[in-house]
Amino acid sequence: MTTNSDLVARTLSSVWHPCTQMKLHERLPMVPVSHGRGAWLYDFEGRRYLDAISSWWVNLFGHANPRINAAVVAQLERLEHVMLAGFTHEPAVRLAERLAALTGLGHCFFASDGSSAVEIALKMSHHFWRNSGRPQKSRFAYLAGAYHGETAGALSVGDVALFRDAYAPLLKSGLRVPSPDWRNARPGETALACARRCAEALDRLLSERHHEVAALIVEPLVQCASGMGMYDPEYLRLARALCDRYRVHLIADEIAVGFGRTGTFLACEQAGVRPDLLCLSKGITGGYLPLSVVLSTEDVYRAFYDGEVARGFLHSHSCTGNPLACAAALASLAIFEEDAVLEANRARAARLDQLARPIAQHARVRDFRRTGMIWAFEVEAAEPLFARRFAAAALEHELLLRPIGNTVYFMPPYVIDDEQSRLLAGRTLEVIERVP
Ligand SMILES: Cc1ncc(COP(=O)(O)O)c(C=O)c1O
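Caption draft 1: Representation of helix 15 (residues 418-434) within the structure. Helix length check: helix 15, at 17 residues, gives a terminal C-alpha distance of 24 Å against a target of 24 Å (1.5 Å per residue), a fit within 8%. Buried within helix 15 are the following residues: Gln420, Ser421, Leu423, Leu424, Ala425, Thr428, Val431 and Ile432. Where helix 15 starts, the residue carrying a side-chain oxygen 3.2 Å from the main-chain nitrogen of glutamate 419 turns out to be aspartate 417.

Given below as structure tokens:
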């Protein structure tokens, strides 16, 4: 029988874990997970952890959700996988149709992870301009503090030094513009004024460089990986107008913020804008299986539709559009509709707001903020290894939390109930008290 200590010893000698300096595990606990149910994860000895960050922001409807399980099992009995070049299958077509109806875009291009969706969007944008007789449009503008994934193209439009610096010689240089994250607002400046000032900077850049810029890529409303930086929708409205004026694509990376995270199905809806290219992943399958998609406008699609093969978009990944992943995604979308999830989340968020009030009022807490189902706040800390110490203390309090620097955040699955919310808020306060 597997035990906690047995599995930890074996993982440390056989698995190279992601986003991890492996040596740290000489001192930091590794958490073995035996199974999950709803918002809880369990180890092999009956200890439990409330998954308050949805396992890296992917899980929407809890672990081992009976409805998604049933859909994946049913699909498994019919077809586990077939290549999507030259072949098609019902789950991919149904999912593409549903996503088109929900987003107002179309021509769903499937891939596996978020980063591969970002690569696709960047390549598609440049290839569009090349097919349109403007091959010089090959650079990308991105926001300060941006994060779009770990592959070389995605890192080229990212601005998190820890992930980017070691690979700088491998990356293509992009054009960084100021972020409307209101934590960067000048003294006395509102979030709205901050958004407008940053849009003016974007205007200046595009007015000078638009002939070489293919696209602006943004994380709409919340820049998650740089510490849940939130901003006013006005920035997206102004960015859309500038992209139109200067003939630059707007790529919306809704990999983390799509599927209801910001309170609307897509974050872009809050600004009333439609991007030229939209990247979705993470919550798309309810967090079950790797799947991502890029949706595009008719205009983009038509630029590739041609008698010449090389003018087509020849990108591919082996497991693109996997039927099991598509079945999980369809089941997940059915839950959104059947359970009126966005509405239920509004009530859920209001309750957690109330329960978290003592956190917001704590003497060491700054900038307590929320967008939809994402809460974040900064904790003043004397401890230089605050994030690490906080995460370890949280585990001792049955909470899975992973601060980003001094930013603590909650991004719970949409099944968190009142009792679990009470536990999350109460225990987080205890952890703040414990970690200096
Ligand atoms: C906004 C955003 N884009 C892209 C990615 C990359 O997705 P993946 O980790 O699935 O490659 C992430 C991952 O956190 C993300 O938050």
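There's more to say after this.
Caption draft 2: Structural context of the nonpolar core. Leu99, Met228 and Tyr235 are the most contacted members of the largest nonpolar core, which totals 103 residues. Considering every element that reaches this core, the biggest residue donor is helix 11 (residues 323-338), with 10 residues. Beyond its immediate stretch of four places on either side in the chain, leucine 99 contacts Cys108, Phe259, Leu280, Ile284, Val293, Leu295 and Leu333. Judged by nonpolar contacts, the second largest core, of 27 residues, contains Ala146, Ala154, Val294 and Phe313.

Caption draft 3: Representation of the sheet that holds strand 14 (residues 374-379). Spatially, 13-14-16 is the arrangement adopted by the 3 strands of the open sheet, whose pairing is antiparallel. Edge positions in the sheet fall to strand 13 (365-371) and strand 16 (407-410), since each of these pairs with one other strand and no more. Adjacent strand axes in the sheet meet at a mean angle of 15°, parallel and antiparallel pairs treated alike. Sheet topology note: the strand 14/strand 16 ladder contains 4 bridges and is antiparallel. Residue alanine 376 lies in a different strand from strand 16, and its bridge partner there is tyrosine 409. On top of the sheet, helix 15 reaches strand 13, strand 14 and strand 16; it is set at about 15° to strand 14, its chief contact.

Caption draft 4: Fine view of helix 11. Here helix 11 spans 22 Å end to end across 16 residues, near enough to the 22 Å set by a 1.5 Å rise per residue. The distance from a side-chain oxygen at the start of helix 11 to the backbone nitrogen of leucine 324 is 3.0 Å, and the residue carrying that oxygen is asparagine 322. Positioned one or two residues after helix 11, alanine 340 has a phi angle of 45°, which is positive.

Caption draft 5: Structural context of the side chain of histidine 148. Among the secondary structure elements, histidine 148 is positioned in the loop between strand 5 (139-143) and helix 6 (152-156). Looking at histidine 148, the relative accessible area reads 3%, which means it is buried. Within the structure, histidine 148 has its side chain in polar contact with the side chain of aspartate 253 (distance 2.7 Å). Filtering out sequence-adjacent residues up to four positions away, histidine 148 remains in contact with Ser115, Val118, Ala154, Val157, Ile217, Val218, Glu219 and Asp253.

Caption draft 6: Spotlight on the packing of aromatic side chains. Inspection of every chain in the model, using the stated rule, returns 15 aromatic pairs. Ring centres of phenylalanine 265 and phenylalanine 336 lie 5.5 Å apart, and the angle between their planes is 80°; on these two criteria the pair is classed as edge-to-face. Remark: phenylalanine 336 occurs in helix 11 and phenylalanine 265 occurs in the loop between strand 10 (249-253) and strand 11 (277-280); sequence separation between them is 71 residues. A relative accessible area of 9% places phenylalanine 336 in the buried class. A centroid spacing of 5.3 Å and a plane angle of 45° characterise the contact between phenylalanine 386 and phenylalanine 390, whose relative ring orientation is tilted. Residue phenylalanine 386 and its partner phenylalanine 390 are both found in helix 14 (residues 386-396); the two are separated by 4 residues, about one turn of the helix. In this structure phenylalanine 390 comes out as buried when scored by relative accessible area, which is 0%.

Caption draft 7: Quick look at the environment of alanine 92. Among the structural elements, alanine 92 can be located in helix 4 (residues 90-103). Once you skip the residues sitting within four places of it in the chain, alanine 92 turns out to touch Leu84, Phe110 and Cys326.

Caption draft 8: Up close: the pairing of strand 12 (residues 292-296). Extensive coverage of strand 12 is indicated by the burial of 5 of its 5 residues. Burial along strand 12 is two-sided: Ser292, Val294 and Ser296 and Val293 and Leu295, pointing in opposite directions, are all buried. Two strands pair when backbone bridges link them, and strand 4 (residues 106-111) and strand 12 are joined in this way by 4 bridges, in the antiparallel orientation. When the sheet's bridge partners are listed, glycine 106 is paired in strand 12 with serine 296. In terms of strand pairing, strand 11 meets strand 12 through 4 bridges, oriented antiparallel. Along strand 12, the bridge assignment pairs leucine 278 with leucine 295.

Caption draft 9: Structural context of the pattern of salt bridges. Evaluated as defined, the whole model comprises 29 salt bridges. The salt bridge involving aspartate 418 is made with arginine 351; its shortest N-O contact spans 2.4 Å. Within this pair, whereas aspartate 418 is found in helix 15, its partner arginine 351 is found in helix 12 (residues 341-355), the two being separated by 67 residues in sequence. Given the relative accessible area of 33%, aspartate 418 is considered partly exposed. Of the charged contacts in the structure, one is a salt bridge between glutamate 419 and arginine 422, with a shortest N-O distance of 3.3 Å.

The rules behind these values
- Residues numbered from 1 in each chain as written.
- Predicted model: local features only at pLDDT ≥ 70, side-chain atom pairs only at ≥ 80, totals over all residues.
- Heavy atoms only, no water.
- Helix = DSSP H or I, 4+ residues; strand = E, 2+ residues; numbered from the N terminus.
- Expected span 1.5 Å × (residues − 1).
- Buried < 20%, exposed > 50% of the residue type's maximum accessible area, 1.4 Å probe, protein only.
- Polar contact = N/O pair within 3.5 Å; in protein donor to acceptor, adjacent residues only side chain to side chain.
- Core = buried A, V, L, I, M, F, W, Y, C linked by side-chain atoms within 4.5 Å.
- Contact = heavy atoms within 4.5 Å.
- Pairing = 2+ DSSP bridges.
- Axes fitted to C-alpha atoms, helices over the stretch in contact; angles between N-to-C directions.
- Phe/Tyr/Trp six-rings, centres within 6.5 Å; stacked < 30°, edge-to-face > 60°.
- Salt bridge = Lys/Arg side-chain N within 4 Å of Asp/Glu carboxyl O.

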